[in-house]
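Coordinates in review
For reference, the chains in residue letters:
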Amino acid sequence: MTIALIDVNNFYASCERVFNPALTGCPVVVLSNNDGCVVARSAEAKALGIPMGAPFFKIEKEFRRHGGVALSSNYPLYADMSNRVMSILADFSPDQEVYSIDECFLGMAGCRDLASIGQNIRQKVKQWTGLPVCVGFAPTKTLAKLANHVAKKRPEWRGVCDLTALSPSEQDGLIGGTDVAEVWGVGRRIAARLASMDITSVRQLRDANPARIRRAFSVVLERTVVELQGTSCLTLEDVTPPKKQIMVSRSFGNPVYALQDLEHAVGAFVSRAAEKLRGQNSCAGSILVFAQTSPFRDEPQYARSLTVPIATATDDALTLTKAALTGLAAIYRDGYAYAKAGVMLSELVERERVPQDLFMREQQREKSAALMATLDKVNARFGRGALTTGAASAQGIWRMRQRKKSPCYSTRWEDLIRVKG
């Protein structure tokens with residue numbers, strides 16, 4: 001079966017440009033929480049040599065000199081635009097796996113003239129959302145990712161690369177000049193180790209002995225080699241597999257000193273983690289809570305975490321919050337400037353497989369389930385955080401700094417663009 005990989009080009013920056021055309025053509029970067037580091041770059045920003053993850057304060061002066069624009073992360077906007085793109089792509093195939101916020105795989109069994117389909121995908125997504133995409137076709141996921149990379153980097157392909165239409169010699173020429181670090185899952189560190197084995201191009205990795213690669217690295221890289229050879233090892237996932245752990249953490253906009261402020265932050269993190277937990281139909285058997293100071297500040301340092309077991313695995317935000325706050329009280333120490341905190345839900349099991357607690361009445365379980373269902377319905381209708389626990393309700397000083405955030409153009413009524421007649 002042929003697989004397509006569709007990827008939105010420079011997703012965050014492209015989303016911003018849809019609603020602010022004045023950004024077109026100028027360097028754009030999107031910053032991390034608290035406007036700290038660069039997490040996304042437009043093509044123009046990449047051309048300036050701005051690296052991913054660069055602290056913005058280090059590059060700001062030079063970036064501004066080139067007319068660059070920096071924006072805070074606008075996750076509600078990006079999530080909404082992602083949902084729009086994925087719904088459009090679903091029309092092209094019944095087999096869809098959403099891989100990330102800006103990428104998805106499609107099964108293209110029985111489809112012909114893939115290059116035309118790819119151009120149709122690009123045209124439809126661009127017309128309906130304003131976002132540019134590239135498309136790669138190949139017999140495996142790994143090759144589809146590689147084809148998408150080629151489509152994005154080589155203008156002559158016009159945003160679409162169909163590896164299945166190329167002869168073996170044409171494929172050899174294409175991947176022979178592609179750095180092995182561009183292979184899905186390889187990266188720079190593994191590429192350096194491969195270089196010591198005289199494997200520097202994708203073609204050389206494809207032609208390597210899979211058993212040798214497994215002995216030197218892992219079964220994962222062995223499967224990558226097999227996929228490069230055209231044999232599919234990674235099937236399309238109709239449903240994203242449940243996570244084995246769920247973590248929510250954040251750096252604070254300002255230093256936090258008081259336990260009460262930390263409690264509000266941790267309460268908000270638990271609410272979000274519990275929402276994700278219920279979304280994958282799981283319950284948690286333990287919760288880890290942590291708090292730490294900033295290692296980049298010249299002040300007393302402190303960092304500690306604690307795992308609190310849950311008697312009966314649950315998805316109830318109230319029970320999880322109580323456990324988290326108990327743990328936080330145990331690790332909190334007065335006199336420190338806390339810069340980050342978070343929670344991690346572990347020992348996750350499917351809701352239907354949670355052992356029944358003999359000491360909990362059926363009425364209590366039903367009450368908890370009804371309350372959480374109501375909580376999720378209200379937030380789905382009126383926006384996340386419309387209804388939450390008391391511990392998460394305060395808007396404390398821990399909230400992120402987002403001084404450069406664009407409006408939520410598509411998810412908030414007051415931010416809708418108004419067109420004058």
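Let me sum up the structure you'll find in this document. (Residues numbered from 1 in each chain as written. Predicted model: local features only at pLDDT ≥ 70, side-chain atom pairs only at ≥ 80, totals over all residues. Heavy atoms only, no water.)

Remarks on the overall build of the protein chain
Helix and strand counts for the protein chain stand at 14 helices and 13 strands. For 421 residues, the compact-globule estimate of 2.2 N^0.38 gives 22 Å, and the protein chain sits close to it at 24 Å. By its C-alpha atoms, the protein chain is 65 × 55 × 55 Å across when sized along the principal axes. Looking at the protein chain as a whole, 46% of its 421 residues qualify as buried. (Helix = DSSP H or I, 4+ residues; strand = E, 2+ residues; numbered from the N terminus. Rg over C-alpha atoms; globule rule 2.2 N^0.38 Å. Buried < 20%, exposed > 50% of the residue type's maximum accessible area, 1.4 Å probe, protein only.)

Thoughts on the packing of helix α1 (residues 11-19) against helix α4 (residues 75-89)
Between α1 and α4, whose axes approach to 10 Å, the crossing angle comes to 90°. Considering their axes alone, α1 and α4 lie roughly perpendicular with respect to each other. Across the interface between the two elements, F11, Y12, C15, E16, V18 and F19 from α1 touch Y75, L77, Y78, M81 and S82 from α4. When grouped by side-chain class, the residues that make up the contact of α1 with α4 number 9 nonpolar, 1 polar and 1 charged. (Axes fitted to C-alpha atoms, helices over the stretch in contact; angles between N-to-C directions. Parallel < 35°, antiparallel > 145°, perpendicular 65-115°, else oblique. Contact = heavy atoms within 4.5 Å. Nonpolar A, V, L, I, M, F, W, Y, C, P; charged D, E, K, R; others polar.)

Thoughts on unusual backbone geometry
Phi is positive for R158, which is not a glycine, with a value near 55°. The topology assignment puts R158 in the loop between α6 (141-153) and β8 (160-162). The phi dihedral of D198 falls on the positive side, at around 65°, and the residue is not glycine. Residue position: D198 is located in the loop between α8 (187-195) and α9 (202-206).

With respect to the pattern of salt bridges
All told, the structure shown has 16 salt bridges when counted by the stated rule. When the shortest N-O distance is used, the salt bridge between E60 and R64 registers 3.5 Å. Here R64 and E60 lie together in helix α3 (residues 56-65), a separation of 4 residues that amounts to about one turn. Judged by relative accessible area, which is 36%, R64 ranks as partly exposed. (Salt bridge = Lys/Arg side-chain N within 4 Å of Asp/Glu carboxyl O.)

A short note on the packing of aromatic side chains
For the structure on display, the rule yields 13 aromatic pairs. The ring of F105 carries the charged tip of K141 above its face, separated from the ring centre by 4.9 Å. (Phe/Tyr/Trp six-rings, centres within 6.5 Å; stacked < 30°, edge-to-face > 60°. Lys NZ or Arg CZ within 6 Å of the ring centre and 35° of its normal.)

A few points about the packing of helix α12 (residues 259-279) against helix α13 (residues 317-331)
Where α12 contacts α13, the two axes come as close as 9 Å, and the packing angle between them is 140°. Relative to α13, the element α12 lies oblique. Of the two possible hands of crossing, α12 and α13 adopt the one that is right-handed. Residues L259, L262, E263, V266, V270, A274, L277 and R278 of α12 lie in contact with α13, whose contacting residues are A317, L320, T321, A324, L325 and L328. (Left-handed = near helix turned anticlockwise from the far one by under 90°.)

Thoughts on the sheet that holds strand β3 (residues 38-41)
Pairing between sheet strands relies on hydrogen bonds along the backbone, with the strands arranged either parallel or antiparallel. As summarised here, the arrangement of the 3 strands in space is β3-β2-β4, forming an open sheet in which the pairing is mixed. Looking at the sheet topology across the chains shown, the edges are occupied by β3 and β4 (69-72). Strand-to-strand twist in this sheet, taken as the mean axis angle between neighbours without regard to direction, amounts to 30°. Note: strand β2 (residues 28-31) against β4, 4 bridges, orientation parallel. Looking at β4, one finds that L31 is bridged to S72. (Pairing = 2+ DSSP bridges.)

Some thoughts on α4
For α4, which comprises 15 residues, the first-to-last C-alpha distance of 21 Å matches the rise-based estimate of 21 Å (1.5 Å per residue) to within 8%. Taken together, the buried positions of α4 are occupied by L77, Y78, D80, M81, S82, V85, M86, I88 and L89. (Expected span 1.5 Å × (residues − 1).)

Overview of the environment of D198
Overall, D198 belongs to the exposed group, its relative accessible area being 62%. Between the C-alpha atoms of D198 and L89, which are 109 residues apart in sequence, the distance is 40 Å.

Side note on the sheet that holds strand β1 (residues 3-8)
An order of β5-β6-β1-β7-β8 is seen for the 5 strands of this open sheet, with the pairing classed as mixed. Both edges of this open sheet fall to β5 (96-100) and β8, since each of them pairs with a single strand only. Strand after strand, the sheet turns through a mean of 15° between neighbouring axes, direction not considered. Across 3 bridges, the pairing between strand β7 (residues 133-138) and β8 is parallel. Residue pairing for β8: F137 is matched across the bridge by D162. Against the sheet, α6 contacts β1, β5, β6 (103-107), β7 and β8, and its axis sits at roughly 140° relative to β7.

Some thoughts on the pairing of β5
Where β5 meets β6, 4 bridges bridge the pair, whose relative direction is antiparallel. Looking at the pairing, S100 lines up with E103 of β6. Counted between consecutive antiparallel strands, the loop separating β5 from β6 contains 2 residues.

Considering the side chain of K124
By the secondary structure assignment, K124 is in helix α5 (residues 114-129). Discounting residues that sit within four places of it in the chain, K124 has contacts with I88, D91 and F92.

A few points about the environment of R158
For R158, a relative accessible area of 56% gives the class exposed. In this structure the C-alpha to C-alpha distance between R158 and C134, which are 24 residues apart in sequence, comes to 8.4 Å. Ignoring any residue separated from it by four or fewer positions in sequence, one finds R158 in contact with Q119 and R122.

Things to note about the state of the cysteines
Disulfide: a covalent bond connecting the sulfur atoms of a pair of cysteines. This model, assessed by the stated rule, comprises 0 disulfides. No disulfide involves C161; its sulfur sits 10 Å from the nearest other cysteine sulfur, which is in C134. (Disulfide = S-S within 2.5 Å.)

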